[in-house]
Amino acid sequence: MAAVLVGCAGDADTGAGEGSLTDGDQVIDQKPSSLAAPGCTVRLAPASLVASVAQAENPAANVADGNLATRWSGRGKGAYVTADLGATQSICGISLGWYNGGVDGRIYDYALSTSTDGRTFSPLVSGKSLPSTSLQPIEFQSVNARYVRLTVNGNTLNDYASVTELQITGSAAPASPFVHPGILVSKEQLDFVKAKIRNGEQPWSKEYQLARGSKPADRSYVAAPVPVVKCSTPGSKQKAIDLGYEQAGCDSIVNDANAAYTQALLWYYSGDAQYAENARGILDAWARTLTAILFDQPRFPDNNSQVYANGHFAAGWAGTNFLRAAEILRYTYSGWTAADTALQENHFRTVYWDLVKDGWTGGQNRTSVMNETALDIAIFTNDLEKYEYVVRQVEHSSKAMIYMPSDGGQPLSPIYQGRPRYTSGAELASIWSNPTRYIAGLEQETCRDLGHTQMGMSSLANMAETLRIQGDPRSAYGDDPEHDENRLRESLELNADYVLQYLDNTRNRVGVEVSPAGWMPARNWPCSSFSKNAGGHSAVMGWEIGYNELHNRRGISMPKTEALIARVRAMSSASTRFGNHIGWETLTHAGAP
């Protein structure tokens, strides 16, 4: 859907007598049309309004401000304005107001159409305006739709669309199917932390100061968007460059997304609108610049593998942080506009959705962060169909990524596009990095390294927290009453023990190599080797959200996870608090209701 909110370069829509107002200009309390269906009494306020073209002084927002003295104007036959109601509604009444309708003899030619997805529009009614400046009710059969588009094919005096009001009514009050803000953090949780910071309580005050002093929180932060993101895996990056395949945006998209989320949080906790504007500016820059994140094409000619195979990671790591930031601003910052919403929704649908909607099976950290981003898109766009599509995947992936003895002799097979993949014992062992044995709580990448393990497990916890806020039990938080187990708890405790042993070896230093060579955790290690640096800083991040749910809310004993969190909180470097899609979890979720 085009989103062009700019001034026209040609003549302004001015004619003889224009600018004079007529009786009945204020329509804030306009009653529904007598042509509307019985019971059609509820004004449906658009969540956003987007015009194909508009004069700067007469923007699209004017058609729903309840005032016949303002207007949207755009030059050119076929100019249109689209109202997004935020969710599919039963639309039973539409009334239109026309600028100078009949005053100077002008009659407008128009068409109304509706859509449920914002892409495919169905004709509703077409006709010509009446010679009146008052609201004009339109007769049609009730229709279920989320989007209403008014297309104007000029008027009898010129080629301008000039509409003073597009009023839409329904038979029931519109209600979002989702809780907002509701991506990872709720309003209740944000307020909880804000009060703790205001009172100088720990650990929130320390974490807040760490966030404020971090690079993503720079008050002069400037985004660096690129039109097309092109990211090869580390192992194939040089090969790609040698063959002439450039790299673009790999760091900037992730860094900018972290900055957007960090500054959105700081806006809410501090009330400083500069943070909100910075976050909004980062989101705007990427939405207006980025057109694609490459993944499947092109392919290397020798082995047919993807040149830009890290495209999925870029979409997942950046997408979920961009969405968290947009969600917070949309529902807490008064400077956020309907045009911002329309721009971001369109961006996430067109650039991210197809890339992340099915997850992946080549590594659970990739699968889970893609699931997380897809879930966030569904919630941000208020799309129940997308939501259900993703949650069905999350239900299974939450189990297939963590082994429990109830699975039998091997883990559950991952699902990709509705079908099992890697079903044989050898295939499964390969994607699990060939453990010497499967034990309760083993995560798909434990034997690869603990950093990638946490990248995946944190996304499982993030999705579970988001689904909890939405009142949906289908997640990694869910217990299995038949086998009296909780996979997330088992995996957090098992892998926390391994990280603690690593930190014992390195004297609490993160991302450094263990000594002596060949060291492996002594307690219950089910793998034939150990990554020398445990997989980097990600190994110590992403523990707070699952712990808060299982220990603080439910009262379940988790001594290893508790001990690890205490060590991490004592660390003073911001580099142990955020990276990729993991960020500031002590600040947002320590003790959160």
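Here goes a summary of the coordinates provided. (Residues numbered from 1 in each chain as written. Predicted model: local features only at pLDDT ≥ 70, side-chain atom pairs only at ≥ 80, totals over all residues. Heavy atoms only, no water.)

Describing helix α1 (residues 187–198)
Argument step 1. With 12 residues, α1 should reach 16 Å at 1.5 Å per residue; the first-to-last C-alpha distance of 16 Å fits that figure.
Argument step 2. Taken as a whole, α1 has its buried residues at Gln 189, Leu 190, Val 193, Lys 196 and Ile 197. Projected down its long axis, α1 carries its buried residues within an arc of 125 degrees, all on one side. Facing away from the buried side of α1, by more than 90 degrees, are the exposed residues Glu 188 and Arg 198.
Argument step 3. Buried positions along α1 lie against α2 (204–212), α4 (250–270), α11 (450–469), α13 (544–553) and α15 (585–589).
Argument step 4. Gly 200 lies just past α1 and shows a positive phi near 70 degrees. (Helix = DSSP H or I, 4+ residues; strand = E, 2+ residues; numbered from the N terminus. Expected span 1.5 Å × (residues − 1). Buried < 20%, exposed > 50% of the residue type's maximum accessible area, 1.4 Å probe, protein only. Arc of directions from axis to C-beta. Contact = heavy atoms within 4.5 Å.)

Digging into the side chain of Thr 576
Argument step 1. Along the chain, Thr 576 turns up in the loop between α14 (559–570) and β14 (578–579).
Argument step 2. Among the polar contacts listed, one links the side chain of Thr 576 to the side chain of Arg 577, at a separation of 2.6 Å.
Argument step 3. Contact partners of Thr 576, with chain neighbours within four places excluded, come to Val 510, His 537, Val 540, Met 541, Val 568 and Met 571. (Polar contact = N/O pair within 3.5 Å; in protein donor to acceptor, adjacent residues only side chain to side chain.)

Structural notes on the state of the cysteines
Argument step 1. One pass over the structure, following the stated rule, counts 3 disulfides.
Argument step 2. Linked covalently through their sulfurs, Cys 231 and Cys 250 form a disulfide whose S-S length is 2.3 Å. Measuring handedness by torsion sign, the sulfur bridge of Cys 231 and Cys 250 sits at about -120 degrees and is left-handed. Of the two residues, Cys 231 sits in the loop between β10 (228–229) and α3 (237–242) while Cys 250 sits in helix α4, which places them 19 residues apart along the sequence.
Argument step 3. The cystine pairing of the chain, numbering bonded cysteines in sequence order, is 1-2, 3-4, 5-6. (Disulfide = S-S within 2.5 Å.)

As for the packing of aromatic side chains
Argument step 1. Counted under the stated rule, the structure contains 19 aromatic pairs.
Argument step 2. Three or more aromatic residues joined by ring pairs make a cluster, and in this case those are Tyr 498, Tyr 502, Trp 519, Trp 525 and Phe 530.
Argument step 3. Lying across the ring of Tyr 80, Arg 149 places its NZ or CZ 4.0 Å from the centre.
Argument step 4. When the ring centre of Tyr 268 is taken as origin, the NZ or CZ atom of Lys 194, which lies over that ring, is 5.0 Å away. (Phe/Tyr/Trp six-rings, centres within 6.5 Å; stacked < 30°, edge-to-face > 60°. Lys NZ or Arg CZ within 6 Å of the ring centre and 35° of its normal.)

A closer look at the pairing of strand β9 (residues 160–170)
Argument step 1. Of all 11 residues in β9, 11 are buried; the element is thus mostly enclosed.
Argument step 2. Pairing of strand β1 (residues 42–43) with β9 involves 2 bridges; the strand directions are antiparallel. Bridging across to β9, Val 42 finds its partner in Gly 170.
Argument step 3. The pairing of strand β3 (residues 72–75) with β9 spans 4 bridges and is antiparallel. Residue Ser 73 lies in a different strand from β9, and its bridge partner there is Ser 162.
Argument step 4. Sheet topology places strand β4 (residues 79–98) next to β9; 7 bridges connect them, and they run antiparallel. Of the residues in β9, the one forming a bridge with Leu 96 is Leu 166. (Pairing = 2+ DSSP bridges.)

Concerning the pattern of salt bridges
Argument step 1. Scanning the model with the defined rule gives 33 salt bridges in all.
Argument step 2. Among the ionic pairs, Asp 84 bridges to Arg 146, the shortest N-O distance being 2.7 Å. Here the residue Asp 84 occupies a position in strand β4, and Arg 146 occupies one in strand β8 (residues 143–155), the gap between them amounting to 62 residues.
Argument step 3. Judged by its relative accessible area of 3%, Arg 146 is buried.
Argument step 4. As a salt-bridge pair, Glu 549 and Arg 554 come within 2.9 Å of each other at their nearest N and O atoms.
Argument step 5. Residue Arg 554 is classed as partly exposed on the basis of its relative accessible area, which comes to 32%.
Argument step 6. In this structure, a network of salt bridges that share partners links the residues Glu 465, Arg 468, Asp 479, Glu 549, Arg 553 and Arg 554. (Salt bridge = Lys/Arg side-chain N within 4 Å of Asp/Glu carboxyl O.)

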